[in-house]
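Notes for the structure review
Residue strings, one per chain:
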Amino acid sequence: MAASTAVSGVSDGALSPLGRRLGALLSSERVVRDLRQYFGLGVPPGGMPFTGSRFEHLAGGGDRREVADRFTAEDLVAVQTLSVTVPAPVALDILEGRLGAQLPGLLHAIPRDIDMVDAEADVLVEGSPADQAWHLLCDQYGVDWVIAGNLLARKRPQLLPVYDKVVRCALDRPRPSFWLALHAALREDDGAVHRQSLELRQIAGVPETVSALRVCDVAVWMGHRAEEHACPR
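In this text the structure is predicted, and so the values were computed from the model without any measurement. (Residues numbered from 1 in each chain as written. Predicted model: local features only at pLDDT ≥ 70, side-chain atom pairs only at ≥ 80, totals over all residues. Heavy atoms only, no water.)

1. Focus: the overall build of the chain
- Each helix and strand in the chain was counted, giving ten helices and zero strands.
- Counting from the amino terminus, the chain carries its helices and strands in the arrangement α-α-α-α-α-α-α-α-α-α.
- For the chain, with 233 residues in total, the buried portion stands at 48%.
- With the model as given, the accessible surface of the chain reaches about 11,400 Å², and the carbon-plus-sulfur share is 51%.
- Positive and negative charge centroids in the chain, built from 24 and 30 side chains respectively, lie 4 Å apart. (Helix = DSSP H or I, 4+ residues; strand = E, 2+ residues; numbered from the N terminus. Buried < 20%, exposed > 50% of the residue type's maximum accessible area, 1.4 Å probe, protein only. Areas by Shrake-Rupley, 256 points an atom, 1.4 Å probe, with all protein chains shown as cover. Lys, Arg positive; Asp, Glu negative; His and termini not counted. Charge placed at Lys NZ, Arg CZ, Asp CG, Glu CD.)

Now the structure itself:
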């Protein structure tokens, strides 16, 4: 029996503006097609998936137990699949220098096996290990909020989202912080947006090793990109 393409609806009245926007993007008529295109599912001969489809899976993933608390060369390549590059001096410092000695303690304090929707907000608040790691990375010359966020998303793909300028444009810079706003939106209406992401993953045939958070990110990114918005740099 063929899988249904219907996705459970979300009750707009129970959602914040961010939750409603996410629900609308995840309910788009093209979302399943977008996900399949991005992850290279059913791509015709000669077609290529988006390089970002390898972000979570490259070299077995950045959150596998033996490397979860340190950055590897594979992690630095993985963020390049999202069209950003860690500056070479920073990359060397992460792999061989003082920065590489500072980050493992912070990574170890960030939960590894939990979805954002199930985490407590204190895991994401200002001053948390995740926030400290983000700021430490952003303090490096040539590392902006996109690069820092993508590096951390590689290490904790269930908990920390990929967040770039297209997604920020699509979601109108939620406050007080994107992590906290997204955390709250995912928990609204009994986790409706999170459940919608899981359903889309199944319907599109995306591997279960891709986090619900990443499915949501790709759906937002592809949908907003298709709308051809002139997102500010």
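2. Side note on the nonpolar core
- In this structure, Leu22, Leu35, Val86, Ile94, Leu151 and Leu171 are the most contacted members of the largest nonpolar core, which totals 68 residues.
- Excluding anything up to four places from it in sequence, Leu35 contacts Leu200, Ala204, Val206, Val215, Val218 and Ala219. (Core = buried A, V, L, I, M, F, W, Y, C linked by side-chain atoms within 4.5 Å. Contact = heavy atoms within 4.5 Å.)

3. With respect to the confidence of the model for the chain
- Looking at the chain as a whole, the pLDDT averages 91, with 91% of positions reaching at least 70.
- Counting contacts from residues 1-6, a segment whose pLDDT is below 50, to residues more than four positions away or on other chains yields three contacts. (pLDDT = per-residue confidence, 0-100.)

4. Observations regarding the environment of Leu35
- Turning to its location among the elements, Leu35 is positioned in helix H2 (residues 31-38).
- Leu35 sits 171 residues away from Val206 along the chain, and the two C-alpha atoms are 7.6 Å apart.

5. So, the packing of aromatic side chains
- Evaluation of the coordinates by the stated rule reveals six aromatic pairs.
- Consider the rings of Tyr38 and Trp221, whose centres lie 6.2 Å apart with planes at 75°: the pair is edge-to-face. Residue Tyr38 is located in helix H2, and its partner Trp221 is located in helix H10 (residues 212-226); the two are separated by 183 residues in the primary sequence. The two residues Tyr38 and Trp221 agree in class, both being buried.
- Residues Phe50 and Trp221 carry aromatic rings whose centres are separated by 6.0 Å and whose planes lie at 90° to one another, so their mutual orientation is edge-to-face. Of this pair, Phe50 sits in the loop between H2 and helix H3 (73-80) while Trp221 sits in helix H10, placing them 171 residues apart in sequence.
- Here the aromatic cluster, defined as three or more aromatic residues joined through ring pairs, consists of Tyr38, Phe39, Phe50 and Trp221.
- Geometry around Phe71 places Lys155 over its ring, the cationic atom sitting 5.6 Å from the centre. (Phe/Tyr/Trp six-rings, centres within 6.5 Å; stacked < 30°, edge-to-face > 60°. Lys NZ or Arg CZ within 6 Å of the ring centre and 35° of its normal.)

6. Describing helix H7 (residues 145-155)
- In terms of residue burial, H7 counts as a mostly covered element, since ten of its eleven residues are buried.
- If you follow the buried residues of H7, they end up packed against H3, helix H4 (88-96), helix H5 (98-108), helix H6 (129-138), helix H8 (165-171) and helix H9 (178-204).
- Where H7 begins, the capping side chain belongs to Asp144, and its oxygen is found 3.1 Å from the backbone nitrogen of Val146. (Polar contact = N/O pair within 3.5 Å; in protein donor to acceptor, adjacent residues only side chain to side chain.)

7. Quick look at the pattern of salt bridges
- As enumerated under the stated definition, the model contains seven salt bridges in all.
- Residue Asp75 pairs with Lys155 through a salt bridge whose shortest N-O separation is 2.8 Å. Taken as a pair, Asp75 in helix H3 and Lys155 in helix H7 lie far apart in primary sequence, 80 residues in all.
- A relative accessible area of 0% means that Asp75 is categorised as buried.
- Judged by its relative accessible area of 0%, Lys155 falls in the buried class. (Salt bridge = Lys/Arg side-chain N within 4 Å of Asp/Glu carboxyl O.)

8. Remarks on helix H1 (residues 17-26)
- Buried within H1 are the following residues: Leu18, Gly19, Leu22, Gly23, Leu25 and Leu26. In a view along the axis of H1, the buried residues occupy a sector of 165°, so they form one face of it.
- On its buried face, H1 sits against H2, H8, H9 and H10. (Arc of directions from axis to C-beta.)

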